[in-house]
Structures are given as C-alpha cells and as structure tokens.
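Descriptive structure summary
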Amino acid sequence: MRQTPSPEQDLGNDEAGPRAGFFVFWDYNTPMAIVLFSDFGAGDIYVGQVKAVLQRIAPPIAVIDLLHDAPAFNVRASAHLLAAMVGGFDEGSVFLTVVDPGVGGAMRC
C-alpha cells in the first residue's frame, strides 16, 4: 500500500523533488479520482504520457481510463457520451477530457 505524502511534500517546498514547483489543490481526506476521456485512441503514446505526468504530480490519486476512443474530432457527440457516463463517479472526481476538433489542422485564434 502506497503511503500518501503529506501536503508539505507536495507543495513544491523541496526544489530537488519530482513535484517541485507544482501546487496541490485537493484535500487528502477526500477520496478522489482523475477520470481520463479522450479521442487519443489506444495505439500511440499520448495516453501513457498523460498518465506519467499525473503519476509524477499526483501519485496518491487514482487515474481511471474511462474512454480513449471517443468519437474522433466530434466534440458534440463526445459531450453527450461523457454526460451519460459521469453519473457513475463519486463527487469530487475530476474529468480530464480531450477531444480536439481540429488536431493537425490550421487553428483559428
């Protein structure tokens, strides 16, 4: 069983630590999960890269892969699908959702 680091350890006070410079905004006494939902697909490195960063900056938090084959580039369809799925998660869960309608294309700013 992994021991939960103290809040002081996660506030970036140790500049040599792996989470130096990151600030933590969760209550260690509240169960929480980070839920991933994306159109990344499972055939490349992007989901793994996201999970590696989450593990480094928030090691005690559970990371759940909800879906990585959301309708590609379709924000509206993905939003409806996500809305149908969120009811199964506890209050306090954080949804990290990425569906990019224009990946690889020209961006308007």
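The structure contained in this document is the topic of the report that follows. All values derive from a computational prediction rather than experimental measurement.

Rules and cut-offs
Residues numbered from 1 in each chain as written. Predicted model: local features only at pLDDT ≥ 70, side-chain atom pairs only at ≥ 80, totals over all residues. Heavy atoms only, no water. Pairing = 2+ DSSP bridges. Helix = DSSP H or I, 4+ residues; strand = E, 2+ residues; numbered from the N terminus. Axes fitted to C-alpha atoms, helices over the stretch in contact; angles between N-to-C directions. Contact = heavy atoms within 4.5 Å. Polar contact = N/O pair within 3.5 Å; in protein donor to acceptor, adjacent residues only side chain to side chain. Salt bridge = Lys/Arg side-chain N within 4 Å of Asp/Glu carboxyl O. Buried < 20%, exposed > 50% of the residue type's maximum accessible area, 1.4 Å probe, protein only. Core = buried A, V, L, I, M, F, W, Y, C linked by side-chain atoms within 4.5 Å.

1. Quick notes on the sheet that holds strand 2 (residues 62-67)
Strand order in the open sheet formed by three strands is 2-1-3, with parallel pairing between adjacent strands. Looking at the sheet topology across the chains shown, the edges are occupied by strand 2 and strand 3 (94-98). With direction set aside, neighbouring strand axes in the sheet form an average angle of 20 degrees. For strand 1 (residues 33-38) and strand 2, the ladder comprises five bridges, and the chain directions are parallel. Looking at the pairing, Ile 34 lines up with Val 63 of strand 2. Contacts from helix 3 (residues 75-85) reach strand 1, strand 2 and strand 3, with the element oriented near 150 degrees to strand 1.

2. A few points about the environment of His 68
Relative to the elements of secondary structure, His 68 occurs in the loop between strand 2 and helix 3. Considered as a pair, His 68 and Asp 39 are 29 residues apart in the sequence and their alpha carbons are 5.2 Å apart. Residues within four places of His 68 in sequence aside, it is in contact with Leu 36, Ser 38, Asp 39, Phe 40, Gly 41 and Val 47. In terms of polar contacts, His 68 uses its side chain to reach the side chain of Ser 38, at 2.8 Å.

3. Digging into the pattern of salt bridges
For the structure shown, the criterion picks out one salt bridge. Between Asp 65 and Lys 51 there is a salt bridge whose closest N-O contact spans 2.6 Å. Here the residue Asp 65 occupies a position in strand 2, and Lys 51 occupies one in helix 2 (residues 46-57), the gap between them amounting to 14 residues. What makes Asp 65 partly exposed here is its relative accessible area of 34%.

4. A closer look at the nonpolar core
Counting five residues, the largest nonpolar core consists of Ile 34, Leu 36, Leu 54, Ala 58 and Ile 61. Contacts of Leu 54, omitting those with residues within four sequence positions, involve Ile 34, Leu 36, Pro 59, Val 63 and Leu 96.

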